[in-house]
Amino acid sequence: MAGVNKVILIGNLGKDPEVKYLENNVAVARFPLATNEVWKDKSGAKKEHTEWHNIVLWRGLAELSEKYLHKGDRIYVEGRLRTRSWDDKDGNKRYTTDVIADNMTMLTVKRENEQDSQSDSETPASEPSATSTDDPSDDLPF
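Residues numbered from 1 in each chain as written. Predicted model: local features only at pLDDT ≥ 70, side-chain atom pairs only at ≥ 80, totals over all residues. Heavy atoms only, no water.

A. Highlighting the pairing of strand β4 (residues 46-58). Note: strand β3 (residues 27-40) against β4, 13 bridges, orientation antiparallel. Residue pairing across strands places Asn 36 opposite Thr 50, the latter belonging to β4. Where β4 meets strand β6 (residues 93-106), three bridges bridge the pair, whose relative direction is parallel. Residue Val 56 lies in a different strand from β6, and its bridge partner there is Ile 100. (Pairing = 2+ DSSP bridges. Helix = DSSP H or I, 4+ residues; strand = E, 2+ residues; numbered from the N terminus.)

Set out below in structure tokens:
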């Protein structure tokens, strides 16, 4: 039976994605993602820990990240862990673990100054909110 290697993260980009194009024009993007954990200790003092994750996106996701993602943006990432090793300049074996993302959703609302040059008539109508206070029976599929 095969194992399961699945990671789900929601966090903020630590810097803009670095995108490189490999042979055959295949795009690969790398960036750090910060996730935060907040809790109260026994005395009630607020504690916080930030964990940094190395995110790797390939092909279309890499190209999207190059175009739309910026430092500080909040994203949702699904993927798998991959550990790689190398020898540093002193001959020591080094390891790092990357999250190879298969799915990515941008959670940061697009900023005003990044709007495409669409006219108001081309702007799509907004969809109803999932937290709408309208009649709940309107959301029923039957």
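Now, onward.
B. Inspection of the pattern of salt bridges at higher detail. The final tally for this structure, using the stated rule, is eight salt bridges. Here Asp 98 makes a salt bridge to Arg 30, at a shortest N to O gap of 3.6 Å. Separated by 68 residues along the polypeptide, Asp 98 in strand β6 and Arg 30 in strand β3 bring together distant segments of the chain. Under the relative-accessibility criterion, Asp 98 is labelled buried at 3%. Classification of Arg 30 by relative accessible area gives partly exposed; the value is 37%. (Salt bridge = Lys/Arg side-chain N within 4 Å of Asp/Glu carboxyl O. Buried < 20%, exposed > 50% of the residue type's maximum accessible area, 1.4 Å probe, protein only.)

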